[in-house]
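# Secondary and tertiary structure notes
What follows is the residue order along each chain.
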Amino acid sequence: MLKVHSRCDLSCDHCYVYQHADQTWRGRPVRMPPATVRAAARRIAEHAREHEVPDVHVVLHGGEPLLLGAAGLREVLAELRAAITPWTRLDLRMQTNGVLLDEELCQLLVDYDVRVGVSFDGDRAANDRHRVFAHGGSSHDQVRRALALLRRPAYRSSYAGILCTVDVRNDPDRVYEALLAESPPRVDLLLPHATWDHPPERPGPGSTPYADWLGRIHRRWVDDGRPGSIRLFEALMPGGGGTEAFGLAPADVLVVEADGTWEQVDSLKTAYHGAAGTGFDVFDHSVDEAARHPGVAIRQDGVQGLCATCRACPVVDRCGGGLYAHRWRTGSGFDNPSVYCADLLSLIDTVDAYPAPGRAAPSLWSAASPVDDLLDDLATGHGSPQTVRRLADDQLAITRMLLAACRELSDSAAAWEVLADLELKAPEAVRAVLEHPFVRPWLVHRLDPSARSGARAAADPLPALAVAAAVRVGVPVTVDVPVRADAITVPTLGSLLLPGLGERAEVTVLPGGFRVRGGSADRTVLLDTVEPSAGWRQVRDVPTPAGRMSIEDGDPYRDCYGQPVASRLDTPAAQALGRTLAEAWQIVRRDVPAHAAALDGGLRAVVPLAPDPARPLRSATARHAFGAVAVTPHSDPETMAVLLVHEWQHAKLGAVLDRYDLVAPGHSTRITVPWRPDPRPPEGVLQGVYAHLAVTQVWRARAATDGGEASAHAARYLAWTRDGADALLASRSLTAAGERFVGQLRHALEETRVGSR
Ligand code: SF4
Ligand code: SF4
């Protein structure tokens with residue numbers, strides 16, 4: 001372990017380096033000088049060469065090693081690799097508080113193949129109990145940002161895990177969920193350093209609070225099917241292999257302090273001032289000389305190095321007397337059981353009594369559900385096109401499930417066969433139809449038991465979907481399609497209004513269109529002709545950078561916004577709306593290109609809302625209609641741009657909420673927010689915060705060139721978003737995944753002009 005920097009940018013009150021008995025850090029250089037790094041590297045290489053050691057693990061430690069900065073860190077890593085790699089396999093690691101981690105440092109860690117452990121004590125309340133700056137401020141957001149960086153595919157190879165120090169006053173469920181929400185490859189749960197002279201805090205009446213607390217986490221972990229590695233539990237299992245803290249394996253850790261002195265394990269600093277000292281240094285003494293120090297040698301003796309109580313203990317092979325430092329008592333030195341002895345015995349009982357894996361599936365809302373980079377990406381405020389595509393894929397999967405359920409109610413075997421056949425021959429055509437935003441509302445309506453008959457009954461959607469897909473491919477099929485109010489709707493293409501059709505029409509797909517026959521009516525519809533067929537109301541398109549977007553003013557299932565939608569626009573009105581939308585899209589690109597890219601990834605249709613003189617500027621999204629937003633036709637593209645961005649946030653978050661529970665179920669909390677007079681449920685606040693984050697980003701971008709009014713808007717939305725996010729976090733109504741999402745979103749808010757021009 002190399003103490004490459006002996007100071008820290010945090011001031012944790014449980015830190016054994018600065019807050020416990022040993023205070024030798026005060027006399028040490030702030031950073032390890034290059035000559036000391038070189039000498040340490042040569043000593044390690046010398047040892048590896050002489051003993052033909054196959055692997056050496058070097059952990060960069062502190063204080064805080066990232067205080068070296070990128071240049072200083074690169075020098076250290078280069079020196080270690082150059083000196084040691086010729087002689088042995090070098091496993092480079094780092095333990096950091098993560099506060100300073102950024103993309104440049106992550107790339108450096110990847111370049112030098114360094115695996116990073118991050119110190120993080122769990123949910124906000126748990127982490128802020130100890131892990132704070134000197135001014136008392138929280139480090140929670142910074143650390144989670146660091147963890148999010150390490151989860152990125154580009155840096156994930158450097159993500160070793162999380163080191164969490166236990167505090168039994170924290171809620172073990174929330175700590176467990178918060179840790180797993182960060183997808184760590186491994187979690188190390190660390191008992192707080194204590195000795196018989198300074199025993200651990202034992203709040204509450206129980207005699208083994210640490211075993212009880214850890215036992216709760218162990219039960220969750222086992223019930224969830226052991227998602228990820230928790231080293232403490234694995235080490236305590238029969239044959240678990242042990243660690244520095246448990247088991248009887250010989251100690252194999254030496255520390256090089258910033259001044260080049262060899263020391264014993266760091267945790268001894270908790271025992272007494274100078275406890276870890278050896279009197280040796282890397283300039284004059286080899287690894288072998290340091291390892292012969294009595295304090296190191298006694299920990300090579302297995303059970304013979306333990307006190308009489310431990311030697312007689314039935315679980316000594318698994319416990320190993322606990323961490324060496326925890327045995328200290330003035331007078332008898334280290335010849336004692338661990339000060340956590342009762343807890344360790346009880347915890348081993350727990351591990352033995354509750355071993356079965358996979359007792360239950362992870363609950364959907366808990367952080368044990370798969371934690372996804374998708375959430376982190378969306379928490380930037382916009383999300384990448386790839387992420388939006390993934391949301392669209394999820395939505396499509398839901399639509400397919402609903403379609404399968406609707407098949408049970410359908411009497412059109414032919415329609416299902418057409419869809420199944422096209423799914424094999426032309427899957428993109430089926431996908432294009434099923435992704436139409438108003439297919440899912442139709443399917444949901446069809447499945448609603450209260451709308452199976454009478455005036456509200458939905459027509460069987462399968463035949464119309466089959467026709468729409470077949471027309472796209474030009475497959476000559478014939479399907480019977482139900483008629484409603486003298487009309488049939490072909491999703492994504494348009495509607496045919498044809499009086500006299502009766503209740504069912506026979507639709508035959510032809511090259512370039514289709515023929516409809518029913519009752520007394522017979523009409524051929526040719527698409528893409530200059531002169532539209534009589535009664536055919538084709539969906540009108542707006543060109544966008546990503547291709548096309550529809551003005552959807554004909555699909556009957558667009559009526560899902562809880563407010564009146566406009567009936568079909570006349571041609572001049574549709575053209576005017578099309579121009580406004582196209583210009584608005586360009587303005588989004590100008591102001592917030594990252595948001596424009598997210599629009600490109602998924603916005604397929606705009607629904608005109610019915611005009612209302614009392615509320616001329618309205619917009620909406622519907623949870624079942626991903627890919628569409630509804631707006632009042634407005635002539636100002638600058639305003640329309642804000643509406644598009646705002647509503648697209650709701651659409652994305654709605655899709656996220658189909659996948660993850662970010663709000664804990666069953667919460668009746670109501671939260672006061674600055675943008676509405678009535679207290680809101682947590683999910684409503686979350687929606688508002690996410691939409692306002694994007695609007696803040698738009699106005700910030702505009703304020704950069706326009707100032708004035710734009711700055712005032714930016715300031716207002718910033719304050720709303722910040723207050724809303726803080727109120728959400730304080731409400732404790734979020735799941736661990738929700739907390740992480742809002743915390744990162746809160747951080748994105750503070751960054752200026754994300755993705756702006
Ligand atoms: S981050 Fe680590 S080294 Fe820094 S004060 Fe906290 S516990 Fe100590
Ligand atoms: S510390 Fe306690 S549990 Fe552990 S080996 Fe010693 S006596 Fe056994």
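Criteria and thresholds
- Residues numbered from 1 in each chain as written.
- Chains lettered and ligands numbered in written order.
- Predicted model: local features only at pLDDT ≥ 70, side-chain atom pairs only at ≥ 80, totals over all residues.
- Heavy atoms only, no water.
- Helix = DSSP H or I, 4+ residues; strand = E, 2+ residues; numbered from the N terminus.
- Contact = heavy atoms within 4.5 Å.
- Lys, Arg positive; Asp, Glu negative; His and termini not counted.
- Charge placed at Lys NZ, Arg CZ, Asp CG, Glu CD.
- Near = heavy atom within 4 Å.
- Nonpolar A, V, L, I, M, F, W, Y, C, P; charged D, E, K, R; others polar.
- pLDDT = per-residue confidence, 0-100.
- Salt bridge = Lys/Arg side-chain N within 4 Å of Asp/Glu carboxyl O.
- Buried < 20%, exposed > 50% of the residue type's maximum accessible area, 1.4 Å probe, protein only.
- UniProt positions renumbered as here; feature names shortened; annotations may be inferred.
- Axes fitted to C-alpha atoms, helices over the stretch in contact; angles between N-to-C directions.
- Parallel < 35°, antiparallel > 145°, perpendicular 65-115°, else oblique.
- Polar contact = N/O pair within 3.5 Å; in protein donor to acceptor, adjacent residues only side chain to side chain.
- Expected span 1.5 Å × (residues − 1).
- Arc of directions from axis to C-beta.
- Core = buried A, V, L, I, M, F, W, Y, C linked by side-chain atoms within 4.5 Å.
- Pairing = 2+ DSSP bridges.
- Phe/Tyr/Trp six-rings, centres within 6.5 Å; stacked < 30°, edge-to-face > 60°.
- Lys NZ or Arg CZ within 6 Å of the ring centre and 35° of its normal.

## Section: the overall build of the protein
Along its length, the protein carries 25 helices and 22 strands. Seen through its C-alpha atoms, the protein measures out along the principal axes to roughly 105 × 60 × 55 Å. Contacts in the protein between residues at least 24 apart in sequence constitute 69% of all its contacts with a sequence separation of at least 6. Across the protein, the 81 positively charged side chains and the 94 negatively charged ones have centroids separated by 3 Å.

## Describing the site of ligand 1
In the vicinity of ligand 1, the contacting residues are C8, L10, C12, C15, G63, N97 and R131. Along the lines of polarity and charge, the residues of the shell around ligand 1 split into four nonpolar, two polar and one charged.

## A look at the confidence of the model for the protein
Per-residue confidence for the protein averages 90 on the pLDDT scale, and 96% of its residues sit at or above 70. Note on residues 357-370: pLDDT under 50 across the span, and 30 contacts to partners over four residues away in sequence or across chains. pLDDT under 50 marks residues 752-757. Its contacts with residues more than four places away, or in other chains, come to 23 contacts.

## Thoughts on the site of ligand 2
Around ligand 2, the neighbouring residues are C310, C313, V316, C319, G321, P337, S338, C341 and L345. Breaking the shell around ligand 2 down by element, the ones donating at least two residues are α12 (316-319) and α13 (341-353). Each residue belonging to the shell around ligand 2 can be placed in one class, and the counts come to seven nonpolar, two polar and no charged.

## Some remarks on the pattern of salt bridges
Counted by the stated rule, this structure contains 47 salt bridges. Close ionic contact of E263 with K269 constitutes a salt bridge, the shortest N to O distance being 3.1 Å. E263 sits in the buried class, given a relative accessible area of 5%. Salt bridges sharing partners connect three or more residues here, namely D22, R28, E257, D259, E263 and K269.

## Digging into the UniProt feature "domain: Radical SAM core" (unreviewed entry) in the protein
Residues annotated by UniProt as "domain: Radical SAM core" (unreviewed entry) correspond here to residues 1-231. The straight-line gap between the two end C-alpha atoms of residues 1-231 is 19 Å; of that span, 38% is helix and 16% is strand.

## Things to note about the packing of helix α2 (residues 69-84) against helix α3 (residues 103-111)
Close contact between α2 and α3 brings their axes to 10 Å; oriented N to C, the two are set at 10°. Between α2 and α3, the angle is such that the two are roughly parallel. Taken together, the residues of α3 that come into contact with α2 (itself represented by G69, A70, L73, R74 and L77) are E104, L105, L108 and L109. For the contact of α2 with α3, a count of residues per class yields six nonpolar, one polar and two charged.

## Topic: the side chain of K3
The topology assignment puts K3 in strand β1 (residues 2-3). Under the relative-accessibility criterion, K3 is labelled buried at 1%. In terms of polar contacts, K3 uses its side chain to reach the backbone carbonyl oxygen of G62, at 2.7 Å.

## Observations concerning helix α16 (residues 413-425)
Residues that lie three or four places apart on an α-helix share one face, since the helix turns once every 3.6 residues. Look at α16: 18 Å from first C-alpha to last across 13 residues, which is about the 18 Å you get at 1.5 Å a residue. Considered for burial, the residues of α16 that qualify are A415, V418, L419 and L422. Along the axis of α16, the buried residues cluster in a sector spanning 95°; they form a single face. Exposed residues lying more than 90 degrees from the buried face of α16 are A413, E417 and L424. Of the surrounding secondary structure, the elements contacted by the buried residues of α16 are α15 (385-407), α17 (427-434), α19 (461-473) and β11 (478-482).

## Remarks on the nonpolar core
One finds V58, L60, L73, L80 and L189 to be the most contacted residues of the largest nonpolar core, which totals 83 residues. Once residues within four sequence positions are removed from consideration, L60 is found in contact with L2, V4, P65, L73, V76, L77, L80, R93, M94 and Q95. In this structure, L378, W648, V698 and L734 belong to the second largest nonpolar core, which totals 71 residues.

## Concerning the pairing of strand β15 (residues 513-518)
Judged from the five bridges that link them, strand β14 (residues 504-510) and β15 form a sheet pairing that is antiparallel. Each residue of the ladder has a partner; that of V507, found in β15, is V516. The antiparallel hairpin formed by β14 and β15 contains two residues in its connecting segment, where G512 sits at a positive phi of about 80°. The pairing of β15 with strand β16 (residues 521-526) spans six bridges and is classified as antiparallel. By the bridge assignment for β16, V516 is matched with R523.

## Details of the sheet that holds strand β22 (residues 628-631)
Taken in spatial order, the five strands make up an open sheet running β18-β19-β20-β22-β21, and their pairing is mixed. The sheet is open, and its two borders are formed by β18 (540-544) and β21 (619-620), each paired with just one other strand. Across the sheet, helix α22 (residues 637-659) touches β20 (605-608), β21 and β22, and the angle it forms with β22 is around 135°.

## Details of the packing of aromatic side chains
One pass over the full model with this rule turns up 12 aromatic pairs. Judged by centre distance (5.5 Å) and plane angle (80°), the rings of F514 and W536 are edge-to-face. Placement of F514 in strand β15 and of W536 in strand β17 (residues 536-538) is noted, with a sequence separation of 22 residues between them. In this structure F514 comes out as buried when scored by relative accessible area, which is 0%. Ring geometry for Y690 versus F741: centroids 5.6 Å apart, planes at 50°, classification tilted. Here Y690, found in helix α23 (residues 682-706), pairs with F741, found in helix α25 (residues 736-750); they are 51 residues apart in sequence, far enough to count as distant. No difference in accessibility class separates Y690 from F741, as the two residues are buried. The ring of W87 has R49 sitting right over it, with the charged end atom 5.2 Å from the ring centre. R716 extends its terminal NZ or CZ atom over the ring of W720, reaching a point 5.3 Å from the ring centre.

## Let's talk about the sheet that holds β17
Judged by pairing direction, the sheet is antiparallel, and its three strands sit side by side in the order β12-β13-β17 without closing on themselves. Strand pairing shows two members of the sheet lacking a second neighbour, β12 (487-490) and β17, which therefore form its edges. Strand-to-strand, the axes of this sheet are offset by a mean angle of 15°, without reference to chain direction. Sheet analysis places β12 next to strand β13 (residues 494-497), joined by four bridges and oriented antiparallel. Pairing of V490 across the sheet is with G494, part of β13.

## As for the environment of T478
For T478, the location among the structural elements is in strand β11. Put simply, T478 and L510 are 32 residues apart on the chain and 9.5 Å apart in space, counted from C-alpha to C-alpha. When neighbours within four sequence positions are excluded, T478 is seen to be in contact with E506, V507 and T508. Within the structure, T478 has its side chain in polar contact with the side chain of T508 (distance 3.1 Å).

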